Amino acid sequence: MRNWMKKSLKRKLTIMLIVAFLLPLLSFGYFSYQTASNITEEKTKQSGMNILGQVQTNLEFIVEDIENMSVFIIGRKNIQEYLNNDADDITQLTEVSGFLLDLAESKKYISNITIEPFNPLISPISTLSISQSNLLNITTQEPSYYEDQAKWWSPLYRIQTNSGAENVISLVRPIRSIGKFKRIGMMTISIREEA
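A. The arrangement of the pairing of strand S1 (residues 110–117) in detail. In terms of burial, S1 is a largely internal element, 7 of the 8 residues being buried. Here 7 bridges tie S1 to strand S7 (residues 183–192), and the two strands are oriented antiparallel to one another. Residue pairing across strands places isoleucine 110 opposite isoleucine 191, the latter belonging to S7. Here 2 bridges tie S1 to strand S2 (residues 125–126), and the two strands are oriented antiparallel to one another. In the strand pairing of S2, threonine 114 is matched with serine 126.

As structure tokens, then:
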């Protein structure tokens with residue numbers, strides 16, 4: 001304290017002015033930093049929530065679209081006639097294949113549509129040539145669950161096609177004859193993982 005008193009007035013004023021300016025300046029800087037940090041964090045959270053909401057809306061749209069499409073496919077007269085045949089009909093096979101291919105090509109998120117008849121004398125129809133699929137492994141783990149369902153969504157699994165391997169999620173649903181309501185086939189609509 002004595003050393004302080006011995007210093008010149010000029011030094012004392014300089015030190016006091018520095019302290020008088022620095023304290024408010026540092027306080028204001030800290031307050032500004034905290035405010036900006038809080039605003040940035042809040043905007044980041046809001047942006048993340050907006051993105052999640054948009055993803056949820058897109059997923060709901062895709063799921064609803066695929067389920068509606070599956071009902072539309074099942075009810076098609078030419079598909080019902082093809083699956084109720086006793087043997088292959090090349091004309092109907094070509095017509096149904098073309099229809100399914102057009103439908104799959106119209107939606108970028110659809111990887112494949114497959115119809116597997118229960119009658120072994122009728123050829124399955126697929127919009128892709130699938131050489132390997134892990135869907136069968138999923139259904140054999142809990143067969144009673146999958147057999148009792150009117151429709152079900154698969155977990156992510158891998159298929160091998162002529163254009164390479166890809167991961168898909170599928171809606172699987174039995175096809176029943178409209179008149180007798182007996183099972184005549186199974187339909188699988190696969191969605192690309194990227195979607």
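The rest of the description comes next.
B. Local environment of helix H2 (residues 9–75). Here H2 spans 99 Å end to end across 67 residues, near enough to the 99 Å set by a 1.5 Å rise per residue. All of the buried residues along H2 are Lys12, Ile62, Asp65, Ile66, Met69, Ser70, Ile73 and Ile74.

C. Here's a closer look at helix H4 (residues 90–106). For H4, spanning 17 residues, the distance from its first C-alpha to its last is 24 Å, which sits close to the expected 24 Å at 1.5 Å a residue. Within H4, the full set of buried residues consists of Gln92, Leu93, Val96, Phe99, Leu100, Leu103 and Ala104. Seen end-on, H4 carries its buried residues on one side only, within an arc spanning 135 degrees. For H4, the exposed residues lying more than 90 degrees away from the buried face are Ile90, Thr91, Thr94, Asp102 and Glu105. Summarising the contacts, the buried residues of H4 are in contact with H2, helix H3 (77–84), S1 and S2. Near the N-terminus of H4, the side chain that reaches the backbone nitrogen of threonine 91, with its oxygen 3.1 Å away, is that of aspartate 89.

D. Representation of the pattern of salt bridges within the structure. According to the stated counting rule, one finds 5 salt bridges in the structure shown. Between lysine 107 and aspartate 65 there is a salt bridge, and its shortest N-O distance comes to 3.2 Å. Linking lysine 107 in the loop between H4 and S1 with aspartate 65 in helix H2, this pair joins segments that are 42 residues apart in sequence. A relative accessible area of 23% places lysine 107 in the partly exposed class. Judged by relative accessible area, which is 16%, aspartate 65 ranks as buried. Of the charged contacts in the structure, one is a salt bridge between lysine 151 and glutamate 67, with a shortest N-O distance of 3.1 Å. Taken together, the positions of lysine 151 in the loop between helix H6 (143–148) and strand S4 (152–153) and glutamate 67 in helix H2 put the pair 84 residues apart, joining distant regions of the chain.

E. Looking closely at a nonpolar patch on the surface. Together, Ile18, Leu22, Leu25 and Leu26 make up an exposed nonpolar region whose accessible area comes to about 400 Å². Looking at the element boundaries, isoleucine 18 is found in helix H2.

F. Here's a closer look at unusual backbone geometry. Of note, phenylalanine 181 is a non-glycine position whose phi angle comes to about 60 degrees, a positive value. Along the chain, phenylalanine 181 falls in the loop between strand S6 (164–176) and S7.

G. Expanded view of the environment of lysine 108. Assignment of secondary structure puts lysine 108 in the loop between H4 and S1. Here the alpha-carbon distance between lysine 108 and arginine 192, two residues 84 residues apart in the chain, equals 8.7 Å.

H. Structural view of the packing of aromatic side chains. One pass over the structure, following the stated rule, counts 1 aromatic pair. Between phenylalanine 72 and phenylalanine 99 the ring centres are 5.9 Å apart and the planes differ by 55 degrees, which places this aromatic pair in the tilted class. Of this pair, phenylalanine 72 sits in helix H2 while phenylalanine 99 sits in helix H4, and the two are 27 residues apart along the sequence. The residue whose ring lies beneath arginine 76 is phenylalanine 99, and the NZ or CZ to ring-centre distance is 4.1 Å. The ring of phenylalanine 181 is capped by arginine 176, whose NZ or CZ atom sits 4.8 Å from the centre of that ring.

I. Structural view of the packing of H3 against H4. Look at H3 against H4: their axes get within 10 Å of each other, and the N-to-C directions meet at 135 degrees. Our classification of the angle between H3 and H4 gives oblique. Between H3 and H4 the crossing geometry is left-handed. Touching Asn78, Ile79, Glu81 and Tyr82 of H3 are Gln92, Leu93, Glu95, Val96, Phe99 and Leu100, all from H4. Here the residues of the contact of H3 with H4 sort into 6 nonpolar, 2 polar and 2 charged.

Rules used in this analysis
Residues numbered from 1 in each chain as written. Predicted model: local features only at pLDDT ≥ 70, side-chain atom pairs only at ≥ 80, totals over all residues. Heavy atoms only, no water. Buried < 20%, exposed > 50% of the residue type's maximum accessible area, 1.4 Å probe, protein only. Helix = DSSP H or I, 4+ residues; strand = E, 2+ residues; numbered from the N terminus. Pairing = 2+ DSSP bridges. Expected span 1.5 Å × (residues − 1). Arc of directions from axis to C-beta. Contact = heavy atoms within 4.5 Å. Polar contact = N/O pair within 3.5 Å; in protein donor to acceptor, adjacent residues only side chain to side chain. Salt bridge = Lys/Arg side-chain N within 4 Å of Asp/Glu carboxyl O. Patch = residues over 30% accessible without salt bridge, like charges linked within 9 Å, V, L, I, M, F, W, Y side chains within 5 Å. Areas by Shrake-Rupley, 256 points an atom, 1.4 Å probe, with all protein chains shown as cover. Phe/Tyr/Trp six-rings, centres within 6.5 Å; stacked < 30°, edge-to-face > 60°. Lys NZ or Arg CZ within 6 Å of the ring centre and 35° of its normal. Axes fitted to C-alpha atoms, helices over the stretch in contact; angles between N-to-C directions. Parallel < 35°, antiparallel > 145°, perpendicular 65-115°, else oblique. Left-handed = near helix turned anticlockwise from the far one by under 90°. Nonpolar A, V, L, I, M, F, W, Y, C, P; charged D, E, K, R; others polar.

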